[in-house]
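Analysis of the macromolecular model
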Amino acid sequence: MKYADLHVHTFYSDSTFSPEEVVACAKDKGLSAVAICDHDSTEGIEPCIRAARQLNIEIIPGIEFTVEKSDVEIHILGYFMDYKTDWLQKKLAAIRKARIERLSKMVSKLNDKGIPVKVADVLSIAGKGTVGRLHLAQTMFRTKKIRTIQEAFDKYIGFMKPCYVANVRFSPQEAIGAILKTGGVPVLAHPHIMGRDEYIPDLINYGLRGIEVYHTDHKPSVAKHYEALAKDFGLLITGGSDCHGLGKGRVLLGGVRVPYTVVEKLKEEAQRIRKEQNRPS
Ligand code: AMP
Ligand code: FE
Ligand code: FE
Ligand code: ZN
């Protein structure tokens, strides 16, 4: 049986893993395919393709967008987009630039609360990656003012917590639209983290095609719930580990995987979307 992990980060966003490490780890776990879904960036895709060439592992081009409704954060995955499209890359570069300003605002709020973090230290942990809250949490951890990375989110920088600042982002409709327009398949990431099933019909109206039913943070009962929901709505069922290297304490890659037939279904869906959008396949 061939398996794929359809949600993996690299150090081009907030994983500690280089493309070479992602691919070596995927080989070690016996995976046939891995989707590279960095936050607001597609920079890791080609380095992963190059690293995977000798190892017979398929790299699926992906992305993870953060969008916001008034009271929740929603993560949307996109698979098989024409990611080199100029307007898309310009938009991604603008979002990444805005993230640095957002970081400065979160850092000042943390400094006011007595957490002595510096923007330069966070940027140095982020390296070439899209800078985000996981890098900030790692920097906070080094100050020893928090005991775990999770505590940084629970007390300070989680959604709507005192030091949280939203980034410039797509609306749900824009993110899904951008994925479709570039021939990609939009999938709702880890819906349990959003926790608002009532928003799913709107996302479907915008063009959502799948749900990430299997995810590290989904217990079997949660996965069962979303599996039924995906079936009811006629959506694709996908799954991935959301591995951040050692960024979240342990390597998750391959811990959640789906049969390769899911990849085939995503490819068929991408073909359909391309026909609808009049794009070459
Ligand atoms: P950002 O893109 O900067 O908003 O950061 C998003 C990343 O922060 C996610 O991909 C997770 O890695 C992490 N994250 C966000 N919220 C939480 C949370 N409540 N607990 C743990 N990690 C979180
Ligand atoms: Fe992340
Ligand atoms: Fe996510
Ligand atoms: Zn992710």
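Located above this text is the structure these notes cover.
Predicted model only: the values in this text are computed from it and were never measured. Here, residues in each chain are numbered from 1, in the same order as that chain's written sequence. Chain letters and ligand numbers both follow the written order, the letters beginning at A and the numbers at 1. In keeping with the predicted nature of the model, local features appear solely for residues at pLDDT of at least 70, side-chain atom pairs appear and are counted solely at 80 or more, and the whole-chain, interface and lining totals rest on all residues. The basis for every side-chain value is the complete set of heavy atoms in the structure, and neither hydrogens nor water enter the calculation.

A few words now on the overall build of the protein chain. Each helix is a run of H or I in the DSSP string that is no shorter than four residues. Each strand is a run of E no shorter than two, and both are numbered from the N terminus. In terms of helices and strands, the protein chain carries 11 helices and 8 strands. Atoms counted for the radius of gyration: C-alpha only. Globule rule: 2.2 Å times the number of residues to the power 0.38. Computed over C-alpha atoms, the radius of gyration of the protein chain comes to 18 Å, within 12% of the 19 Å expected from 2.2 N^0.38 for 281 residues, which places it in the range of a compact globule. Burial status follows relative accessibility: with a 1.4 Å probe on protein chains alone, a residue under 20% of its type maximum counts as buried, one over 50% as exposed, and anything between as partly exposed. Counting across all 281 residues of the protein chain, residues that qualify as buried make up 56%. Note on areas: these come from Shrake-Rupley sampling with a 1.4 Å probe, and a residue is covered only by the protein chains present in the view. With the model as given, the accessible surface of the protein chain reaches about 12600 Å², and the carbon-plus-sulfur share is 50%. Of the side-chain charges in the protein chain, 41 are positive and 34 negative, and the distance between the mean point of each set is 3 Å. Note that His is not counted, nor are the chain ends; the positive residues are Lys and Arg, and the negative ones are Asp and Glu. Where a charge lies is defined by one atom per residue type: Lys uses NZ, Arg uses CZ, Asp uses CG and Glu uses CD.

Before going further, it helps to examine the coordination of the iron ion (ligand 3). Here the iron ion (ligand 3) is held by E64 (OE), H75 (ND1) and H190 (NE2), and the distances to it run 2.0 to 2.2 Å. In the primary structure, the donors to the iron ion (ligand 3) are separated according to the pattern E-x10-H-x114-H. Each metal's donors are the N, O and S atoms found within 2.8 Å of it, except that Na, K and Ca use a 3.2 Å limit; water is left out, so coordination can look incomplete. Separating the iron ion (ligand 3) from the iron ion (ligand 2) is a gap of 5.7 Å. In this pair, H75 is assigned in strand β4 (residues 72-79) and H190 in the loop between β5 (185-188) and α8 (191-194), connecting sequence segments 115 residues apart.

Attention now moves to unusual backbone geometry. Backbone geometry places F80, a non-glycine residue, at a positive phi of 60°. Tracing the chain through its elements places F80 in the loop between β4 and α3 (86-112). Residue class for F80 comes out buried when judged on its relative accessible area of 13%.

On to the sheet that holds strand β6 (residues 210-215). Between any two strands, pairing holds if DSSP finds at least two bridges. The sheet built from 8 strands is open, its strands ordered β7-β6-β5-β4-β3-β2-β1-β8 with mixed pairing. One side of each edge strand has no neighbouring strand; the edge strands of this open sheet are β7 (236-240) and β8 (258-259). In terms of strand pairing, β5 meets β6 through 2 bridges, oriented parallel. Residue L188 lies in a different strand from β6, and its bridge partner there is I211.

Bringing the pairing of strand β2 (residues 33-36) into the picture now. Burial along β2 is two-sided: the residues A33 and A35 and V34 and I36 are all buried. Two elements, strand β1 (residues 3-8) and β2, share 3 bridges in a ladder whose sense is parallel. The residue bridging A4 from the neighbouring strand is A33, located in β2. Here is how to tell: hold the view so the strands point away, follow the path from the first strand over the helix to the second, and if it runs clockwise the crossover is right-handed. The parallel pair β1 and β2 is bridged by helix α1 (residues 19-28), and the resulting crossover is right-handed. Of the strand pairs in this sheet, β2 and strand β3 (residues 58-69) are connected by 4 bridges, and their pairing is parallel. Among the inter-strand pairings, A35 is bridged to a residue of β3, identified as I60.

Put simply, buried Ala, Val, Leu, Ile, Met, Phe, Trp, Tyr and Cys residues joined by side-chain atoms within 4.5 Å make one nonpolar core. Grouped together as the largest cluster of nonpolar side chains are 50 residues, with contacts concentrated most on L6, F65 and Y79. Only heavy atoms enter the contact rule, under which two residues are in contact if any of them lie within 4.5 Å. Residue contacts for Y79: discarding those within four places in its chain leaves L6, A35, C37, I60, P61, G62, G184, V185, V187 and L266. If you look at the next biggest cluster of nonpolar residues, it comprises 20 residues, including V107, L134, Y156 and C163.

The next subject is the site of ligand 1. Every residue close to ligand 1 is listed here: D14, H39, R99, R102, G132, R133, L134, Q150, F153, R169, H244 and K248. Any N or O atom pair separated by 3.5 Å or less is treated as a polar contact, with the protein-specific requirement of one donor-capable and one acceptor-capable atom, and with residues adjacent in sequence counted only for side-chain atom pairs. The separation between a nitrogen atom of ligand 1 and a polar side-chain atom of Q150 is 3.0 Å. Contact distances for ligand 1 include 3.4 Å between an oxygen atom and a side-chain N or O atom of H244. Considered on its own, ligand 1 offers 490 Å² of accessible surface; in the complex 83% of this is hidden by protein. Only Asp, Glu, Lys and Arg are considered charged, only Ala, Val, Leu, Ile, Met, Phe, Trp, Tyr, Cys and Pro nonpolar, and every remaining residue, Gly among them, polar. Class assignment of the residues belonging to the shell around ligand 1 gives a composition of 2 nonpolar, 4 polar and 6 charged. Mapping the shell around ligand 1 onto the domain boundaries places at least three of its residues in each of domain 1 (3-91 + 168-277) and domain 2 (92-157). Throughout this document, a residue counts as near a molecule or strand when at least one of its heavy atoms sits within 4 Å of that molecule or strand. Domain ranges listed in this record stem from an automatic or a database domain assignment.

Right, let's talk about the packing of aromatic side chains for a bit. The criterion for an aromatic pair is that two Phe, Tyr or Trp rings (for Trp, the six-membered ring) have centres within 6.5 Å, with stacked assigned to planes under 30 degrees apart, edge-to-face to planes over 60 apart and tilted to the rest. For the coordinates displayed, the defined rule picks out 3 aromatic pairs. Ring centres of F11 and Y12 lie 5.4 Å apart, and the angle between their planes is 65°; this geometry places the pair in the edge-to-face category. The partly exposed category is assigned to F11, whose relative accessible area is 26%. By relative accessible area, Y12 is classed as buried at 13%. Their ring planes at 85° and their centres at 5.0 Å tell us that F65 and F170 sit as a pair that is edge-to-face. With F65 in strand β3 and F170 in the loop between α6 (149-157) and α7 (172-181), this residue pair connects regions lying 105 residues apart in the sequence. For the pair shown, F65 and F170 are each scored as buried.

With that settled, the discussion passes to the packing of α3 against helix α5 (residues 133-142). Here an axis means a line fitted to C-alpha atoms, over the contact stretch when the element is a helix, while the angle between two N-to-C directions is reported on a 0 to 180 degree scale. Close contact between α3 and α5 brings their axes to 11 Å; oriented N to C, the two are set at 30°. Comparing their axes, α5 and α3 come out roughly parallel. Here the hand of the crossing between α3 and α5 comes out right-handed. Facing R102, L103, M106, V107 and L110 of α3, the residues of α5 in contact are R133, L136 and M140. The scheme is simple: roughly parallel for angles under 35 degrees, roughly antiparallel for over 145, roughly perpendicular for 65 to 115, oblique for anything else. Left-handed describes a crossing whose near helix is turned anticlockwise from the far helix through less than a right angle; right-handed describes the clockwise counterpart.

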